[in-house]
Amino acid sequence: MTAQSAPAPGLAPPAGLTDDQAAGRLAECGPNELGAQRRIALRSRIGAQLRDPMILILLAAVVLTLATRDYADAVVIALVIVANTAVGVAQEVRADNAVAALSAMTAPTARVLRGGTEREVASAVVVPGDALLLGEGDIVAADAALAESSALLVDESALTGESVPVDKDVRADDPDAARLRAGTVVVRGRAVATVTATGPHSALGRIAALLHPHLEPTPLQRRLAGLGRVLALVAVGLCLVVFVLGLVRGQSPQAMAVVAISLAVAAVPESLPAVVTLGLALGARRMAARHALVRRLAAVETLGSVTMLATDKTGTLTEGRMVVERVWTTRGTAALTGSGYGPAGEVLVAGGPPDPAALRAVQDLLTAAALCNDASLRPPGNGSTKGADGAEGTDSWTALGDPTEAALLAAAVKAGRDRDELLPARPRIGEVPFDSLRKRMTTLHRAPSGQVEVCLKGAPEAVLDGVTLDESPDLLERARKEAAALAAEGFRVLAVATALRADLPARYEDAETGLRLLGLVAISDPPKEAAEATVTACRLAGITPVLITGDHPATARAIATRVGILGPGNGVSGDTASDEVVTGRQLAAGEVLDLTRVRVFARTTPQQKLDIVQAWRVGGAVTAMTGDGVNDGPALRQADIGVAMGRRGTEVARQAADLVLADDELSTVVTAVEEGRRVYDNIRRFLLYALAGGVAEILVMLLGPLFGLALPLRAGQILWINLLTHGLTGVAMGAEPVSRHAMRRPPRPPGQHVLGGGLWQRILRLGTVATCTSLAAGLWVRHTGQPWQTTLFLALLAAQLGVVLGLRERLFTRENPFLPWAVLAAVGLAVAALYVPFLRAVLETSPPSWPGLAAALAAGLAGFGTARAESRSTRTVGSPDGSHPVTGARPMTGE
């Protein structure tokens, strides 16, 4: 028996539009498109890179060095600017091209009635008034009102976050049940619908309109902008102080202008942009190898600053595939193992194999569930169809049809009952299709005995009654209580019943009475295997996980409890979180005053997701939002960093995100957070090294004359030291490996300055040691009557190279061979400055004596020893505020 299409009450079936009418409405309403993503011009990308505060300082430094005819250093600084800009632009272009290559979300074509005949047209030319023809697997091209429907089931998860497909029926009392939304997918049945809204006027378009440009700077950009302003003021001040002091000592104005400008350039760590870009690029490369595509380079570091991670449920925390997890029969409750739609798994009772009677009861139930079923399963690698989970040609089993029915088929195979083997012996001879009013489905089969076997499945409230079932009141009450308990745990519950009839009834509906209850099936979209470990890793790292979903509150609570977002120890240190699940209705009524205390939100709208993220940002949090649906797009754009799923994700979500996960695994976000913290650690380590060296150079120039050293260093010598330390070893520091403790400490405070957390005190301590040892070396050599300026130059360089090695967290690590090689290269160029005639003439150096070399070596060892002692003492004893020696992050309570 085939199902008949039910027309809308009181309405004639739509005839569609004529070609002229369609053309007129297309001109009036515009194409059915959301608007193409505007391509960013290359010059705009370059301009954005050059507006970085540190780059602006370097551009000023180029002007100053050209003004003093220091062409060599001007070229070096210009090369840093060019390299930094090229890497940043290349990464953005590469990421945008990769995202553009991902599949488009909306339907490329649609079937409509035009001039009374069925046609397939591009979805862009669908207009209001068109009659859409929809079947299984079709993507709804525009918002539409149902005119006819038959057993229609639609997947709206991309728009609502609801993991279970929704029944649609023109006869339903709920007006929403007779409406279709653009971008949703028909998973079962067929329909005819009249288009009501297209393009920006559709539900999809209204959500896309919330995606305003994300123009705010990242935490790193804000911190570096503040540092740039400080360094600019320091550089100007140094120019004036050194210039005036030189004039007071009788030096010529021209010579002191060159020295002052050189010292100011040395005070600015011009390699910082290169270190930042190198660190971000290496982080993006590592993340790409782990299936994370970075769309904006600065997003790598931003993840390291995240204090709150808002995550969607379906496909992010969960598998995005329905699975039968429990079966209840009169013999007890059995659990089924395995994941997805694959046949791997077994039936367990109390953790072990079931007894024969219990197994037989489970097999009987799943046999009926597999027979009363219209779905099918496709093995791995079959790309001929697109499954209900959106997979096509994947390496896992996929479903064609209703995901809930597919889950029943997979469960039956695990129990040893394959539908393909059952049907030849029990062919279907009749059916009563499922619809949203009856909430059940019945099929009739010819049993091997010649009798008619009736198989029924449906919602418990539609099955567990004395008319449908011929069971005792006690059994029916037990079944109702069990169904309610399973539903409270977030499961979708189906009741299954059967009966044998001697003959086929005249009306198939007459077979739905006097059945025997086989039991209940508990189905869910289970958490991914790594979800709980990922949530635990977030908490250990001081990141607060928050679940925001459009799904049912009971389902949201169940998943949140299973993965650890709710329950004992669900918060980070000092968390005052509530275990309440807040719904969108409560948010709309203004019943929740502090959104940051809530850890689970259900039945939320796109605008409410936006409000939740904004509330955390207003509270000072650095937010990350993960999601895959159209409904997640606005919140992805609003968050400090948006993370979209690459496989299941919609095009709207991918375009709104800063990071796209090609493997759809939330655990990849934790990896990205670790990379972000590595980048920031290395930036702070470089600043500690570079600014300590700058402090030493400044103090040597200011204090040297007090000890009789009229001009301690010449301009060329200052810039040569600057080139070897900032240019070679400084850049190599950007590739230092991640700290072993990076993910066991909380994020740095969002408002903390880049030099905060005790870093500036360490800069002064290391700079003072380098100053004292360098001046001591120069004064000692002068006391022996030998040339002292070369020794002072060499000692100051050696002290800084000693510091860079001493600051390594793992001294002998092989993960970054560039740093020791850079130090060796710097030593070689320092020797060249002493013995190569051309460099000797330019830098005004001379070969040092053995005592001079020994003094310089002692300064290098002093710098190395002080840096090691500084790092070791802060790791062991802790800095005055208990923060990490490099990052400044305070340790978590209980660690």
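Just so you know, these numbers come straight off a predicted model, no measurement behind them. (Residues numbered from 1 in each chain as written. Predicted model: local features only at pLDDT ≥ 70, side-chain atom pairs only at ≥ 80, totals over all residues. Heavy atoms only, no water.)

**So, the overall build of the protein chain**
Convention followed: Per the convention used, a helix needs a DSSP run of H or I reaching at least four residues, while a strand needs a run of E reaching at least two, with both numbered from the N terminus. Contacts between residues were defined by any pair of non-hydrogen atoms, one from each residue, lying within 4.5 Å.
Helices and strands together make up the secondary structure of the protein chain, namely 28 helices and 26 strands. The long-range fraction of contacts in the protein chain, counting pairs at least 24 apart against all pairs at least 6 apart in sequence, stands at 71%.

**So, the sheet that holds strand β11 (residues 323–329)**
For clarity, the cut-off: Pairing between strands requires that DSSP locate at least two bridges from one strand to the other.
Reading across from one edge, β13-β12-β11-β20-β19-β18-β17-β16 is the order of the eight strands in this open sheet, with antiparallel pairing throughout. The sheet terminates laterally at β13 (347–348) and β16 (428–432), the two strands that pair on one side only.

**Details of the side chain of Arg440**
Here is the rule: Polar contacts, as used here, are pairs of N or O atoms within 3.5 Å; protein pairs need one atom able to donate a hydrogen and one able to accept it. Residues neighboring in sequence count only if both atoms are side-chain atoms.
Here Arg440 lies in strand β17 (residues 440–446). Here the side chain of Arg440 touches Ala462 through a polar contact of 2.8 Å, landing on its backbone oxygen.

**A word on the sheet that holds strand β22 (residues 578–583)**
Worth spelling out the cut-off: Lines fitted to C-alpha atoms define the axes here, with helix axes fitted over just the stretch in contact, and angles between the N-to-C directions of these axes take values from 0 to 180 degrees.
Taken in spatial order, the eight strands make up an open sheet running β9-β26-β25-β24-β10-β21-β23-β22, and their pairing is mixed. With one partner strand each, in any of the chains shown, β9 (292–294) and β22 form the two edges of the open sheet. The average undirected angle you get between the axes of adjacent strands in this sheet is 20 degrees. Relative to strand β21 (residues 544–548), strand β10 (residues 308–311) runs parallel, the two being bridged by four bridges. Residue pairing across strands places Thr311 opposite Leu547, the latter belonging to β21.

**Quick word on the packing of helix α11 (residues 356–371) against helix α12 (residues 403–414)**
Here is the rule we go by: Just so you know how the angles are binned, under 35 degrees is roughly parallel, over 145 roughly antiparallel, 65 to 115 roughly perpendicular, and the rest oblique. Two helices crossing with the near one rotated counterclockwise from the far one by less than a right angle form a left-handed crossing, whereas a clockwise rotation gives a right-handed crossing. Under the scheme applied, nonpolar residues are Ala, Val, Leu, Ile, Met, Phe, Trp, Tyr, Cys and Pro; charged residues are Asp, Glu, Lys and Arg; polar residues are all the others, including Gly.
One way to put it is that α11 packs onto α12 with a least axis distance of 9 Å and a crossing angle of 140 degrees. By the angle between their directions, the pair α11 and α12 is classed as oblique. Of the two elements, α11 crosses α12, and the hand of that crossing is left-handed. Listed contacts from α12 to Leu366, Ala369 and Ala370 of α11 are Leu408, Leu409, Ala411 and Ala412. The residue makeup of the contact of α11 with α12, split by class, is seven nonpolar, no polar and no charged.

**Section: unusual backbone geometry**
The following threshold applies: Per-residue accessibility, obtained with a 1.4 Å probe over protein chains only, is compared with the maximum for each type, and a residue is labelled buried under 20%, exposed over 50%, and partly exposed between these values.
Despite not being glycine, Ala350 shows a phi value in the positive range, around 55 degrees. Looking at the element boundaries, Ala350 is found in the loop between β13 and α11. By relative accessible area, Ala350 is classed as exposed at 85%. The backbone of Asp664 shows a phi angle near 60 degrees, a positive value even though the residue is not glycine. With respect to the helices, strands and loops of the structure, Asp664 is situated in the loop between β26 (659–661) and α22 (667–703). Judged by relative accessible area, which is 5%, Asp664 ranks as buried.

**Quick notes on the confidence of the model for the protein chain**
We apply this condition: You can read pLDDT as the predictor saying how much it trusts each residue, on a scale of 0 to 100.
Confidence in the prediction of the protein chain, expressed as mean pLDDT, is 81, and 84% of residues score 70 or more. The low-confidence segment residues 1–5 (pLDDT under 50) makes 13 contacts with residues lying over four places distant or belonging to another chain. Note that residues 876–895 has pLDDT below 50 and, in this model, 51 contacts with residues that lie over four places away or in other chains.

**Examining the packing of α22 against helix α25 (residues 789–806)**
Between α22 and α25, whose axes approach to 10 Å, the crossing angle comes to 160 degrees. As the angle between them shows, α22 and α25 are arranged roughly antiparallel. α25 is crossed by α22, and the crossing has right-handed handedness. Here Tyr689, Gly693, Ala696, Glu697 and Val700 of α22 come into contact with α25, specifically with Leu792, Leu796, Gln800, Leu801, Val803 and Val804. When grouped by side-chain class, the residues that make up the contact of α22 with α25 number eight nonpolar, two polar and one charged.

**What to know about helix α10 (residues 298–305)**
Taken across its eight residues, α10 has eight buried, putting it largely inside the fold. For α10, every residue scored as buried is listed here: Ala298, Ala299, Val300, Glu301, Thr302, Leu303, Gly304 and Ser305.

**With respect to the UniProt feature "transmembrane region" (unreviewed entry) in the protein chain**
Put simply, the rule reads: UniProt positions are given in the numbering used here, feature names are shortened, and annotations may be inferred rather than shown by experiment.
Look at the UniProt record and you will see "transmembrane region" (unreviewed entry) annotated at residues 230–249, 255–282, 686–711, 717–735, 819–838 and 850–867. Annotated as residues 717–735, this span is 84% helix and 0% strand, and its ends, taken at the C-alpha atoms, are 27 Å apart. Each end of residues 819–838 is marked by a C-alpha atom, and these two atoms are 27 Å apart; helix forms 95% of the span and strand 0%.

**Section: the environment of Val695**
Relative to the helices and strands, Val695 is located in helix α22. Note: C-alpha distance between Val695 and Thr768 (73 residues apart in sequence) is 7.6 Å. Setting aside anything within four residues of it in sequence, one finds Val695 in contact with Ile763, Gly767 and Thr771.

**Considering a nonpolar patch on the surface**
Going by this rule: Any residue with relative accessible area above 30% and no salt bridge may belong to a patch, with like charges joined within 9 Å and the nonpolar Val, Leu, Ile, Met, Phe, Trp and Tyr side chains within 5 Å. Each accessible area is a Shrake-Rupley estimate made with a 1.4 Å probe; only the visible protein chains count as cover when residues are assessed. Just to be clear on terms, a salt bridge is a Lys or Arg side-chain nitrogen sitting within 4 Å of an Asp or Glu carboxyl oxygen.
On the surface, Leu42, Ile46 and Leu50 cluster together to form a nonpolar patch covering roughly 230 Å² of accessible area. You can see Leu42 is positioned in helix α2 (residues 42–50). For Leu42, a relative accessible area of 52% gives the class exposed.

**Regarding α22**
Three or four residues apart is the spacing at which side chains of an α-helix point the same way, because the helix has 3.6 residues per turn. Threshold: Each helix should span, by expectation, one fewer than its residue count multiplied by 1.5 Å.
Taking 1.5 Å of rise per residue, 37 residues should cover 54 Å, and α22 covers 54 Å from first to last C-alpha, within 8% of that figure. Of all 37 residues in α22, 32 are buried, a share of seventy percent or more.

**Some words on the pairing of strand β18 (residues 452–458)**
Counting buried positions along β18 yields seven of seven residues, so the element is predominantly enclosed. Of the two faces of β18, the one carrying Val452, Val454, Leu456 and Gly458 and the one carrying Glu453, Cys455 and Lys457 are both buried. Hairpin connection, β17 to β18: the antiparallel pair is bridged by five residues, and Gly450 has positive phi, about 95 degrees. Inspection of the sheet shows β18 paired to strand β19 (residues 492–501) by seven bridges, in the antiparallel sense. Bridge assignment links Glu453 to a residue of β19, and that residue is Leu500.

**Brief notes about the pattern of salt bridges**
For side chains bearing opposite charge, pairing can occur when the charged atoms are close. The full count for this structure, using the stated rule, is 31 salt bridges. Taken together, the salt bridges that share partners define one network made up of Glu156, Lys168, Asp176, Arg179 and Arg181.

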